[in-house]
Amino acid sequence: MEDLVLRFIRYIAIDTQSSEESGTHPSSNSQIEFGNVLVNDLKELGITNIIHDEFGYIYVFIDNNKDKTIGLISHMDTAPDFVGGIKEPKIIENYDGNDILLDDSAKLSIEEFPFMKNLIGDKLIVTDGKHLLGGDDKAGIVIIFEFLKYYLSHKEEFRYNLSICFTVDEEIGEGPLNFDLKKMNADIAFTLDGGTIYEANSECFNAASCTIEIQGVSVHPGDAKDVMVNAALVGTYYANLLPLNETPANTSDYEGFIHLTSFKGDVENAKLTYILRDHDLNLLEEKKKLMLKTKEIALKTFPKAIISINFKDEYRNMISYFIKDPRALQMINNAYLKQKIKLKYTPIRGGTDGATITEMGLPCPNLGVGDFNPHGKFEFVSVTQMEKMVEIIKEIFKGTIL
Ligand SMILES: [Zn+2]
């Protein structure tokens, strides 16, 4: 039977970039085509109970005559930032801790990525320097397949039914958009997405967006005295009133930020789009207040400008749900303990599909898959870590928490 590496290489050769522009669901046809490949592969394992729905999501339910079901979730798309569909990835059997040459112009250097020292001895798969690898999140999909193969032939070892969902459009923030809790039919789930397996994530940002629209007064500059209100100028003034030390470039760990993502303006109109992020919901509300207060200050200098501010809440920090129901985290902790692998929880400086799915009512922390430097040519996976994650998932399904 096809092993983890061969399957991974076959899957990353298929370009499944999602698209921010298309407006369709899924956002790219390639995700449907890749979905068809996955459905075929599932059928080859003898699975018939597969839903491949109109939005491109794939759901699989394996009944093991148990009361409770654990779900596993990974996404099929890769980031729109960089070209996918790599045909010639390189396998490094036993990483020696030195720089890795990707092509004539690109190398993975220890100086730039010092964490690579922790991967000495691992089997790695790296890019050709011209594509992203696609381990985000095909490493997750392959880990689920490896576990699934074992689960099907060792059902008696496990205490839970298995539910799987392969989602679409995670990279454009739409992963949970058409996710169906009923089709998932699980009591607890885990997303398999992201970095080192020695870290898991149960915390993410609370998120809101903020749009600021400014209306100015446009007249001929020769006759502008005391009449013209330059909306673009008001916009830059507003932006500069906000604290620089609260931008993404100046914050880390648990510090939130105010991030200007787009600015469009001329004399007549200006539009500023911000995203506001904080792990602490109260501090996120403080950031909203600051945006409103800044408007008042700007209006003192430009009293004739019309400034309107709109907030839209996005996702919530999932930790608030795990405080109420910590079972998903207990399952992870027990599994790592059984495997004698040390685990650290790190806050995600972003959101995850799991955060929204948790908010929908299905507790869903995130597990690492051994993928590093995602979304670009420096992406690589540790096969060694991927294999270890398969073992950790086995322990989760043998656990006794639910
Ligand atoms: Zn991902």
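**Observations concerning the sheet that holds strand E14 (residues 306-313)**
Then comes step 1: One open sheet accounts for four strands, arranged E12-E13-E11-E14; its pairing is antiparallel. Looking at strand neighbours, the two that pair on one side only are strand E12 (257-265) and E14, the edges of this open sheet. Strand-to-strand twist across the sheet, computed as the mean angle between neighbouring axes with direction ignored, equals 15 degrees.
Then comes step 2: Relative to strand E13 (residues 269-278), E12 is paired through eight bridges, and the arrangement is antiparallel. Counted as the bridge partner of Phe257 is Arg277 from E13.
Then comes step 3: Those strands touched by helix H5 (residues 231-241) are strand E11 (206-215), E12, E13 and E14, and its axis lies near 20 degrees from that of E13.

**Comments concerning the coordination of the zinc ion**
Then comes step 1: Protein coordination at the zinc ion comes from His75 (NE2), Asp136 (OD), Asp193 (OD) and Asp193 (OD), with a distance range of 1.9 to 2.6 Å.
Then comes step 2: If you look at the zinc ion, its four donor atoms make angles of 53 to 142 degrees with each other, and the shape they trace is irregular.
Then comes step 3: Within one chain, the residues serving as donors to the zinc ion are arranged as H-x60-D-x56-D. Pair noted here: His75 is in strand E3 (residues 69-75) and Asp136 is in helix H3 (residues 135-153), with a separation of 61 residues, a long-range link.
Then comes step 4: The class of His75 is buried, set by a relative accessible area of 2%.

**Considerations on the nonpolar core**
Then comes step 1: Residues Phe190 and Phe397 are the most contacted members of the largest nonpolar core, which totals 80 residues.
Then comes step 2: Considering every element that reaches this core, the biggest residue donor is H3, with nine residues.
Then comes step 3: Built from parts of two domains, this core gets at least three residues from each of domain 1 (4-203 + 317-398) and domain 2 (206-313).
Then comes step 4: In this view, Phe397 contacts Ile70, Leu72, Phe147, Tyr151, Phe158, Arg159, Tyr160, Asn161 and Leu162; residues no more than four positions away in its chain are not counted.
Then comes step 5: Formed by 22 residues, the second largest nonpolar core is a distinct cluster that contains Cys210, Ile214, Val234 and Leu272.

**Brief notes about the sheet that holds strand E7 (residues 124-126)**
Then comes step 1: Spatial strand order, E4-E7-E18-E17: four strands in an open sheet with antiparallel pairing. For this open sheet the edge positions go to strand E4 (90-92) and strand E17 (371-372), each flanked by a neighbour on one side alone.
Then comes step 2: In the sheet, E17 pairs with strand E18 (residues 380-382) via two bridges, with the strands oriented antiparallel. Paired with Phe372 across the two strands is Phe380, which belongs to E18.

The rules behind each value
- Residues numbered from 1 in each chain as written.
- Predicted model: local features only at pLDDT ≥ 70, side-chain atom pairs only at ≥ 80, totals over all residues.
- Heavy atoms only, no water.
- Pairing = 2+ DSSP bridges.
- Helix = DSSP H or I, 4+ residues; strand = E, 2+ residues; numbered from the N terminus.
- Axes fitted to C-alpha atoms, helices over the stretch in contact; angles between N-to-C directions.
- Contact = heavy atoms within 4.5 Å.
- Donors = N, O, S within 2.8 Å, 3.2 Å for Na, K, Ca; no water.
- Tetrahedral: all angles 85-135°; square planar, octahedral: opposite > 155°, others 65-115°.
- Buried < 20%, exposed > 50% of the residue type's maximum accessible area, 1.4 Å probe, protein only.
- Core = buried A, V, L, I, M, F, W, Y, C linked by side-chain atoms within 4.5 Å.
- Domains from an automatic or database assignment.

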